[in-house]
Amino acid sequence: MTQDELKLAVAQAAIAYVPANCIVGVGTGSTANFFIDELGKIKKKICAAVASSEASAQRLKEHGIQVVSLNDIGSLSIYVDGADEITRHLHMIKGGGGALTREKIVAAASKKFICLCDSSKLVDVLGSFPLPLEVIPMASSYVARQMVLLGGQPKLREGFVTDNGNLILDVSGLKILNPIELETTINNITGVVTNGLFARRGADVLLLGTTSGVQTFTA
Ligand code: 5RP
């Protein structure tokens, strides 16, 4: 099976978690795109969606799914998104697509986070994938120096501006043994909007696409 076939399989499996008449929180990236396409097939069953990026909002609208603002609704029953790395504790690195801040907001407002991954994303220790940080532009050098002090090697994502008008630093070289603590430490650096560790609010369910089928992990 190709990686895309695994992503499609988990996207199809996620549809079973979508309650009738709900507003669905929708993530960003190639796996989330497969989910959006599946959601399009059951659009009459749902009321609307909240998108974690302009790109996902656009794709949802192309399927005829209404996109609403998080500020106009209460909490969401589910949020469905991919990840760049995930552990068996359902802690994640996210933000490869640069949408980490809105993803973290939608995840925080959702009762259940369903994470969709192909098997290459499951790791024992987070950190092989460079950790993305969304930073206020004037603080990028300062934040980069603070990350060096924490043992990381930060690199500015060239030519990329987030949906919120900020920059991304991708930090490699971090062996993340305590993701909850590091998430808080990095978020406390002035100028960091948020970082791509999703550990304080991890996933509730992981649907993992493997060559022998979709495996389900719960927190
Ligand atoms: C975007 C994300 C994505 O969920 C993450 O990068 C995984 O993307 P893909 O499904 O394309 O592998 O966090 O900001």
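Located above this text is the structure these notes cover.
Parameters and conventions
- Residues numbered from 1 in each chain as written.
- Predicted model: local features only at pLDDT ≥ 70, side-chain atom pairs only at ≥ 80, totals over all residues.
- Heavy atoms only, no water.
- Near = heavy atom within 4 Å.
- Polar contact = N/O pair within 3.5 Å; in protein donor to acceptor, adjacent residues only side chain to side chain.
- Areas by Shrake-Rupley, 256 points an atom, 1.4 Å probe, with all protein chains shown as cover.
- 1 Å grid on protein atoms, 1.4 Å probe; cavity = no way out; pocket = protein on both sides within 12 Å on 5 of 7 lines; lining within 4 Å.
- Sits in = over half its atoms within 2 Å of the grid points.
- Nonpolar A, V, L, I, M, F, W, Y, C, P; charged D, E, K, R; others polar.
- Axes fitted to C-alpha atoms, helices over the stretch in contact; angles between N-to-C directions.
- Helix = DSSP H or I, 4+ residues; strand = E, 2+ residues; numbered from the N terminus.
- Parallel < 35°, antiparallel > 145°, perpendicular 65-115°, else oblique.
- Left-handed = near helix turned anticlockwise from the far one by under 90°.
- Contact = heavy atoms within 4.5 Å.
- Points joined across faces, edges and corners; volume = space filled by probe spheres on them.
- Salt bridge = Lys/Arg side-chain N within 4 Å of Asp/Glu carboxyl O.
- Buried < 20%, exposed > 50% of the residue type's maximum accessible area, 1.4 Å probe, protein only.
- Core = buried A, V, L, I, M, F, W, Y, C linked by side-chain atoms within 4.5 Å.

Student: Quick one: what's the story with the site of the ligand, residue by residue and with numbers?
Tutor: Close to the ligand lie 16 residues, the nearest being S30, T31, D84, G95 and K121. Residue G96 places a main-chain N or O atom 3.3 Å away from an oxygen atom belonging to the ligand. The protein chains hide 90% of the 380 Å² of surface that the ligand would expose on its own. More than half of the atoms of the ligand fall within 2 Å of the grid points belonging to the largest pocket. Counted by class, the shell around the ligand contains two nonpolar, nine polar and five charged residues.

Student: So what's going on with the packing of helix α2 (residues 30-41) against helix α3 (residues 54-62)? Residues and values would help.
Tutor: Look at α2 against α3: their axes get within 9 Å of each other, and the N-to-C directions meet at 25°. In terms of axis orientation, α2 runs roughly parallel to α3. Our pair here, α2 against α3, has a crossing hand that is right-handed. Of the residues in α3, those touching α2 at N33, I36, D37 and L39 are S56, R59 and L60. Taken together, the residues of the contact of α2 with α3 sort by class into three nonpolar, two polar and two charged.

Student: Would you mind going over empty space enclosed by the protein in detail, with residue names and values included?
Tutor: Taken as a whole, this structure holds one cavity of 30 Å³ or more when the rule is applied. Of the voids in this model, the largest cavity is the one considered here, and its volume is about 30 Å³. Lining the largest cavity are S52, S53, G98, A99, L100, T101, R102, E134, D163 and N164. Broken down by element, the lining of the largest cavity gets its largest block of residues, three residues, from helix α4 (residues 100-108). Among the residues forming the lining of the largest cavity, the class breakdown is two nonpolar, five polar and three charged.

Student: With reference to specific residues and values, describe the pattern of salt bridges.
Tutor: It is possible for side chains of opposite charge to pair when their charged atoms get near one another. Scanning all chains against the criterion turns up nine salt bridges. A salt bridge links R59 to D37, with the shortest nitrogen-to-oxygen separation between them at 3.0 Å. With R59 in helix α3 and D37 in helix α2, the pair connects residues that are 22 residues apart, well separated along the chain. Across the pair E183 and K104 runs a salt bridge whose closest N-O atoms are separated by 2.8 Å. You can see E183 sitting in helix α6 (residues 179-187) and its partner K104 sitting in helix α4, a full 79 residues away along the chain. By relative accessible area, E183 is classed as buried at 4%. Judged by its relative accessible area of 15%, K104 falls in the buried class.

Student: Describe the nonpolar core, and please don't skip the residues or the numbers.
Tutor: Counting 23 residues, the largest nonpolar core has V18, V24, V26, F35, L39, L60 and L116 as the members making the most contacts within it. Mapped by element, the contributors of at least two residues to this core are α1 (3-14), β1 (23-26), α2, β2 (48-51), α3, β3 (76-81), β6 (110-118) and β12 (205-210). Residues in contact with L39, not counting those within four places in the same chain, are I15, V18, V24, V26, I46, L60 and I65. Counting 21 residues, the second largest nonpolar core, distinct from the first, contains L90, L100, A107 and F198.

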